[in-house]
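Topology and contacts: notes
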Amino acid sequence: MLISSPVCRLKTREIAAAQQRLRRNEEHMQATEREMQTLRQELTRKETEVTRNKAELTRKEVDLAETRQQFIQKDAEVARKEAEVTRAEETIRREQQQIQEMRQRETELVQAKDREIALLQQQLGEKSQHSYTCQVSGPGLTSATVNQPTHVLVQLTDSSGRPYSLPLNVTAQLELVSKATPTNTPEATPTRSRWPWSKKQPEKQVLVAMTSPSQYEVSYTPVSRGQHKLHVQVNDREINGSPFTVTVYPDPRQLGHPVRTVTGLVKPYGIAFNSHQEMIVSECGGHRLSIFDIRGQKIRTFGSRGDSPDQMKYPTGIATDDTDNIYVSSEHKLQKFTSRGELIKCIGRRGSKEGEFNDPRGVTLYDNQVYVCDHYNHRIQVFDLDLNFVRSIGSRGKGRGEFDAPYDVKFDTAGNMYVAEFGNGRVQVMDTSGQFIRVFGQEGEGKLRGPSGLHIVDKYVYVSDYIGDCIVVYEISGQFVTSFGRRG
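If you look the protein up in an unreviewed UniProt entry, it shows as E3 ubiquitin-protein ligase TRIM71 from Geodia barretti.

Counting its secondary structure elements, the protein contains one helix and 29 strands. The long-range share in the protein, meaning contacts at least 24 apart out of those at least 6 apart in sequence, stands at 46%. As displayed, the protein offers around 30400 Å² of accessible surface, 50% of which is attributable to carbon and sulfur atoms.

What follows concerns the packing of aromatic side chains. Applying the stated criterion to the full structure yields ten aromatic pairs. Joined through ring pairs, the aromatic side chains of Phe-357, Phe-383 and Phe-389 make up one cluster.

What follows deals with the pairing of strand β18 (residues 360-366). Most of β18 sits inside the fold, with five of its seven residues counted as buried. In this sheet, strand β19 (residues 369-374) lies alongside β18 in antiparallel orientation, the contact comprising five bridges. Its bridge partner being in β19, Thr-364 is matched across the sheet by Tyr-371. Here β18 folds back onto β19, and the loop between the two strands holds two residues, one of which, Asp-367, carries a positive phi near 55°.

As judged from the four bridges shared by strand β24 (residues 426-430) and strand β25 (residues 436-440), these two strands associate in the antiparallel manner. Across the sheet, Met-430 pairs through a bridge with Phe-436, a residue of β25. Connecting the antiparallel pair β24 and β25 is a turn made up of five residues, with Gly-434 showing a positive phi of about 95°.

With that out of the way, let us pick up the sheet that holds strand β21 (residues 389-393). Spatially, the four strands line up as an open sheet ordered β18-β19-β20-β21, and their pairing is antiparallel. The two strands at the open ends of the sheet, each matched to only one other strand, are β18 and β21. The average angle at which neighbouring strand axes cross in this sheet is 20°, direction not considered. The pairing of β19 with strand β20 (residues 379-384) spans six bridges and is antiparallel. The residue bridging Gln-369 from the neighbouring strand is Asp-384, located in β20.

The four strands are arranged β22-β23-β24-β25 in an open sheet whose pairing can be described as antiparallel. A strand with exactly one partner marks an edge of an open sheet, and here the two such strands are β22 (406-411) and β25. Between one strand and the next, the sheet's axes are offset by a mean angle of 20°, whatever the strand orientation.

Right, let's get into the nonpolar core. Within the largest apolar cluster, 22 residues are counted, with the highest numbers of intra-cluster contacts made by Tyr-220, Leu-230 and Val-232. Those elements that provide at least two residues to this core are β3 (150-158), β4 (170-179), β6 (215-220), β7 (226-234) and β9 (244-249). Those residues in contact with Leu-230 that sit more than four places away from it in its chain are Gly-140, Val-152, Gln-173, Leu-174, Tyr-220, Ser-242, Pro-243, Phe-244 and Val-246. Counting 14 residues, the second-largest nonpolar core is a separate cluster that includes Tyr-418, Ile-456, Cys-470 and Phe-480.

On to the environment of Thr-145. In this fold, Thr-145 is placed in strand β2 (residues 143-145). With a relative accessible area of 6%, Thr-145 lands in the buried category. A C-alpha to C-alpha distance of 7.0 Å links Thr-145 and Pro-222, two positions 77 residues apart in sequence. Polar side-chain contacts of Thr-145 include one of 3.0 Å to the side chain of Tyr-460.

On to the side chain of Asn-358, then. Among the secondary structure elements, Asn-358 is positioned in the loop between β17 (343-347) and β18. Judged by relative accessible area, Asn-358 falls into the buried class, the value being 16%. In contact with Asn-358, other than residues within four places in its own chain, are His-332, Arg-350, Gly-351, Asp-374, His-375, Tyr-376 and Asn-377.

So, about the confidence of the model for the protein. Per-residue pLDDT for the protein averages 86, and the proportion of residues at 70 or more is 90%. The low-confidence segment residues 181-203, where pLDDT is below 50, has 37 contacts with residues more than four positions distant or belonging to other chains.

Bringing the pattern of salt bridges into the picture now. One side chain can pair with another of opposite charge once the charged atoms of both are near each other. As enumerated under the stated definition, the model contains 24 salt bridges in all. Between Glu-84 and Lys-81 there is a salt bridge; the shortest N-O distance is 4.0 Å. With Glu-84 and Lys-81 both in helix α1 (residues 5-127) and three residues apart, the pair spans about one turn of that helix. Classification of Glu-84 as partly exposed rests on a relative accessible area of 28%. Owing to a relative accessible area of 40%, Lys-81 belongs among the partly exposed residues under this scheme. Residues joined in a network through salt bridges with shared partners are Glu-56, Arg-59, Lys-60 and Asp-63.

The next subject is unusual backbone geometry. Cis geometry marks the peptide bond from Ser-242 to Pro-243, where omega comes out at 5°. Relative to the assigned elements, Pro-243 resides in the loop between β8 (237-238) and β9. Despite not being glycine, Asp-359 has its phi angle at roughly 65°, a positive value. Mapped onto the secondary structure, Asp-359 falls in the loop between β17 and β18. Even without being a glycine, His-378 presents a positive backbone phi close to 55°. Looking at where His-378 falls in the secondary structure, it is placed in the loop between β19 and β20.

As a further point, take the environment of Val-457. Note on placement: Val-457 falls in strand β26 (residues 451-457). Under the relative-accessibility criterion, Val-457 is labelled partly exposed at 25%. Considered as a pair, Val-457 and Glu-475 are 18 residues apart in the sequence and their alpha carbons are 9.9 Å apart. If sequence neighbours within four positions are ignored, Val-457 has contacts with Arg-225 and Tyr-462.

Moving on, we get to the side chain of Asp-293. Position of Asp-293 relative to the elements: it lies in the loop between β12 (288-292) and β13 (298-302). Take Asp-293: its relative accessible area is 17%, and that puts it in the buried class. A distance of 2.8 Å separates a polar atom in the side chain of Asp-293 from the backbone nitrogen of Gln-297.

Conventions adopted
Residues numbered from 1 in each chain as written. Predicted model: local features only at pLDDT ≥ 70, side-chain atom pairs only at ≥ 80, totals over all residues. Heavy atoms only, no water. Helix = DSSP H or I, 4+ residues; strand = E, 2+ residues; numbered from the N terminus. Contact = heavy atoms within 4.5 Å. Areas by Shrake-Rupley, 256 points an atom, 1.4 Å probe, with all protein chains shown as cover. Phe/Tyr/Trp six-rings, centres within 6.5 Å; stacked < 30°, edge-to-face > 60°. Buried < 20%, exposed > 50% of the residue type's maximum accessible area, 1.4 Å probe, protein only. Pairing = 2+ DSSP bridges. Axes fitted to C-alpha atoms, helices over the stretch in contact; angles between N-to-C directions. Core = buried A, V, L, I, M, F, W, Y, C linked by side-chain atoms within 4.5 Å. Polar contact = N/O pair within 3.5 Å; in protein donor to acceptor, adjacent residues only side chain to side chain. pLDDT = per-residue confidence, 0-100. Salt bridge = Lys/Arg side-chain N within 4 Å of Asp/Glu carboxyl O.

Listed below in structure tokens is the structure:
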């Protein structure tokens, strides 16, 4: 049976539409399948990641468990250490207690031993006569004078302080350490003798004489000036304090012989030396300063008579400082020159006020200060090195700390000040503040008539006596030694 064409066409279109829907559904199903495939892949990836995370978590849990176990072990170790520390502290406390007990026992033992030793020493001192001590004294223990005999006493006592009763072998030796004189004296090359010496002693050697079993006299006569060592031995052993340092000074009695004469001067007055050992002489009558070398040859002169600051009238006192500047007193003023004669400063005028003068004389430097004998003002004026006034010492009179026409001033190594007083005919010794110490030269042997100049060497004071026409020598203690020179 045949179908009509319109119906066929309609069916055909429906079939085509159904087929088209079927294709779309198939495409949608394919897309859905692809999406599901993608989802399955993502799920697989997620599952894999979850698996990895589970494995990491498992590992972390294992690590945490291990860490917890370690902490438990550490806590156990700490507890063990604390227990050990507690036991160690207890041990230390016990040991400290034991040490304290041992020290106490040691102290008790030492005290017991000391008591035993003291008892033995007491018994030994009572029973033995062979222990002794030495005491050394005498004028020759620290100083001596060339060619003048001196001595030292060695006193021996036993342990109880009584004089020692048994004879001993006492020997002594004088050793030259540093020579201060020319090398043509017998002691220039000293030789050391073997100890103990024989009974025959060389001339001027050390002699030992036993004055009693407990006392020995060590006598010697030094022949050279300088530092010596005095060795004293008992039974070939140096006694306590040996060797003793002995300073040997020159014999002033051998002075007074001219070594060199310098001529061509007009009324020379003061002398000073600079660091080059050049001699500077103030010529009072020539109104100038002359400088000579060590051979006495004149090097130069400077100065002229006048009243201007760089001129001078009747220069007298003179001194030099460490830089060879020259300080000179002249008529009513004090001047400071360089070593070449260039004026640095000039102060003073006639008067009695601070920094004024009335015929100043001796000048000396001590402890960076300038001391000037203000002659007719009867005082010592003190200035600094820039010639600024510092203080004044003394006033006119005959008592302690007073002056009458002071001519010169010098200092010894102890810092004591010696002032030659022309008017009082004496040498007065004071400290730098003007406090009186002693006076000498007014009476007895060595009496001064008109002291005008001073010089101190070693332990001797040399005073020029203007009226007596001589040089008088004293020890620094004021003891007269000798004099030399005469008018001529």
